Amino acid sequence: MNHKQRKTVPGNGEWAIEACGLVKTFGGNHAVDGVDLNVRTGTIYGVLGPNGAGKTTTIRMLATLLRPNAGTARIFGYDVVKESAIVRQLIGVTGQYASVDESLSAIENLVIFSRLLGLGRKEARQKAEELLEEFGLTEAAKRPLKQFSGGMRRRLDLAASLIAQPPLIFLDEPTTGLDPRTRSQMWDTIRRLVNTGSTVLLTTQYLDEADQLADRIAVIDRGRVVAEGTTDELKASVGTSSLHLRVQNPQDIHGARQIVEQVLKVRSNVSAEAGTITAPMAEADLVTDLLIVLRAEGFQLAEISVQKPTLDEVFLTITGQDVHENVPLEAEKSSVVEEARA
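All of these numbers come straight from a predicted model, not from anything done at the bench.

1. Description of unusual backbone geometry
At Q165, a residue that is not glycine, the phi angle is positive and equals roughly 40°. Here Q165 is to be found in the loop between α5 (150–161) and β7 (168–172). Of note in this structure, K265 is not a glycine but carries a positive phi near 55°. Assignment of secondary structure puts K265 in the loop between α9 (253–264) and β12 (269–271).

Written out as structure tokens, the structure reads:
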């Protein structure tokens, strides 16, 4: 089943998350400065932002781990402050760093977590073995965790958080440190979780991950939501698609450029280095008309493509920086300190 055709969680209403004006300050620093989020039940919601933007702090407030200084948030209709005990029964949280016990093996970790969640001894063992199989850790089940790679630890951490498969799962950069193949496997697992009834809020710094998985995306920068929508809506917000065309005979470049401008009714640019014509293209249907005219005039093409703006371009346009740009992590560090003191 495609994750766009998933079933919703029964009995929990339309919204899994409703957050309005969330604020969290540490000293004089506004780590989160008025965040609004509405996450529909049965969807994957992506949250993008550079380091220190407030993503993790927002998740900690929604997961009842930090108390907001202002604003409100509800999980399936339950207030995260006033009804925190109920909220905690409805959520699962996987952080950026593994929360497993390194003194135990993988299967021992999962069995203990399962027992703590109320599963019987036999059921806990069975659940642990199923999760190890799903995450490709069966062969390493009895190895000490100190021998695990970073990617293996991330997979085990996610497996532990999915033992009970709660209605709402917070995944805070779940594929950090994973190789491309394991990342792809993790994407399949996330899709399966939502197809079988969960809602997922996913923070990530991998823009292709958000593009592949998320039904809607919020871009957070400096503690605020600066853009929100589907991937197509966000891409459309920064400009139209662009045509890239290269002729086989370099001498034809200027004639082909004139035809492009006439048919598309736009001004185009020519890259002298690659001999490529580029032009904005609001209507992709015009490509057919363009190809007919170029063929009629005897121009032979070496290459043609129509490209939408990428999420990288969206992010750069909206925030003014690359998603991987390393800005101070004071907000996240402060939240860890406050959490430890609580």
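2. Section: the sheet that holds strand β1 (residues 15–26)
Strand order in the open sheet formed by 4 strands is β2-β1-β4-β5, with antiparallel pairing between adjacent strands. This sheet does not close on itself; its edge strands, each paired only once, are β2 (29–40) and β5 (78–79). Sheet analysis places β1 next to β2, joined by 9 bridges and oriented antiparallel. By the bridge assignment, V23 is partnered in β2 with D33. Sheet strands touched by helix α1 (residues 55–62): β1, β2 and β4 (70–75). Its angle to β1, the strand with the most contacts, is close to 120°.

3. Here we look at the environment of A302
Mapped onto the fold, A302 is located in strand β14 (residues 301–307). Among all residues touching A302, those that are not within four sequence positions of it are R246, V247 and Q248.

4. Section: the packing of helix α3 (residues 106–116) against helix α4 (residues 121–134)
Interaxial distance between α3 and α4 falls to 8 Å at its minimum, and their mutual angle equals 130°. One finds that α3 runs oblique with respect to α4. In this structure, α3 meets α4 at a crossing whose hand is right-handed. Here A106, I107, L110, V111, S114 and R115 of α3 come into contact with α4, specifically with R121, A124, R125, K127, A128, E129, L131 and L132. Its residues placed into classes, the contact of α3 with α4 shows 8 nonpolar, 1 polar and 5 charged.

5. Digging into the sheet that holds strand β10 (residues 224–229)
Taken together, the 6 strands give an open sheet; going across it, the order is β6-β7-β8-β3-β9-β10, and neighbouring strands pair in mixed fashion. In this open sheet, the two strands that pair with only one neighbour each are β6 (91–94) and β10. Neighbour to neighbour, the strand axes of the sheet diverge by 15° on average, direction disregarded. Sheet topology note: the strand β9 (residues 216–221)/β10 ladder contains 5 bridges and is antiparallel. Its bridge partner lying in β10, I220 is registered against V225.

6. Things to note about the nonpolar core
Within the largest apolar cluster, 34 residues are counted, with the highest numbers of intra-cluster contacts made by L110, L132, F135, F148, L156 and V200. For this core, the secondary structure elements donating two or more residues are α3, α4, α5, β7, α6 (180–195) and β8 (199–204). Not counting chain neighbours up to four residues away, the residues in contact with V200 comprise T43, I44, Y45, I169, L171, I190 and V194. By size, the runner-up hydrophobic cluster in this structure holds 30 residues, among which are L66, V87, I91 and I220.

7. Regarding helix α10 (residues 286–296)
Of all the residues in α10, the buried ones are V287, L290 and L294. One face of α10 carries all of its buried residues, which in axial projection span an arc of 60°. The outward face of α10, more than 90 degrees from its buried face, is lined by the exposed residues I292, R295 and A296. Where α10 is buried, its residues contact β11 (241–247), α9, β13 (276–281) and β14. Of the residues one or two after α10, G298 is the one with positive phi, at around 85°.

8. A few points about the pairing of β4
Taken together, the 5 bridges between β1 and β4 define a ladder with antiparallel strand orientation. Directly across from E18, in β4, lies its bridge partner R74. Two elements, β4 and β5, share 2 bridges in a ladder whose sense is antiparallel. From the neighbouring strand, I75 faces β5, where its bridge partner is Y78. Once β4 ends, the chain turns through 2 residues before running back antiparallel as β5, passing F76 with a positive phi of about 50°.

9. Comments concerning the pairing of strand β3 (residues 44–48)
Along β3, 5 of the 5 residues are buried, which leaves the element largely enclosed by surrounding structure. Taking every second residue as pointing to the same face, both faces of β3 are buried, with I44, G46 and L48 on one and Y45 and V47 on the other. Here 5 bridges tie β3 to β8, and the two strands are oriented parallel to one another. Bridge pairing links Y45 to L201 in β8. Bridge count between β3 and β9: 4 bridges; the pairing is parallel. What sits directly across from V47, in β9, is A218.

10. Here we look at the pattern of salt bridges
Applying the stated criterion across every chain yields a total of 13 salt bridges. Linking R224 and D33 is a salt bridge whose minimum nitrogen-to-oxygen distance equals 3.3 Å. Residue R224 is found in strand β10, and its partner D33 is found in strand β2; the two are separated by 191 residues along the sequence. Across the pair D208 and R183 runs a salt bridge, and its minimum N-O distance is 3.2 Å. With D208 in helix α7 (residues 207–213) and R183 in helix α6, this pair connects stretches of sequence that are 25 residues apart. The class for D208 is partly exposed, based on a relative accessible area of 39%. Residues joined in a network through salt bridges with shared partners are R183, D208 and E209.

Procedures and definitions
- Residues numbered from 1 in each chain as written.
- Predicted model: local features only at pLDDT ≥ 70, side-chain atom pairs only at ≥ 80, totals over all residues.
- Heavy atoms only, no water.
- Helix = DSSP H or I, 4+ residues; strand = E, 2+ residues; numbered from the N terminus.
- Pairing = 2+ DSSP bridges.
- Contact = heavy atoms within 4.5 Å.
- Axes fitted to C-alpha atoms, helices over the stretch in contact; angles between N-to-C directions.
- Parallel < 35°, antiparallel > 145°, perpendicular 65-115°, else oblique.
- Left-handed = near helix turned anticlockwise from the far one by under 90°.
- Nonpolar A, V, L, I, M, F, W, Y, C, P; charged D, E, K, R; others polar.
- Core = buried A, V, L, I, M, F, W, Y, C linked by side-chain atoms within 4.5 Å.
- Buried < 20%, exposed > 50% of the residue type's maximum accessible area, 1.4 Å probe, protein only.
- Arc of directions from axis to C-beta.
- Salt bridge = Lys/Arg side-chain N within 4 Å of Asp/Glu carboxyl O.

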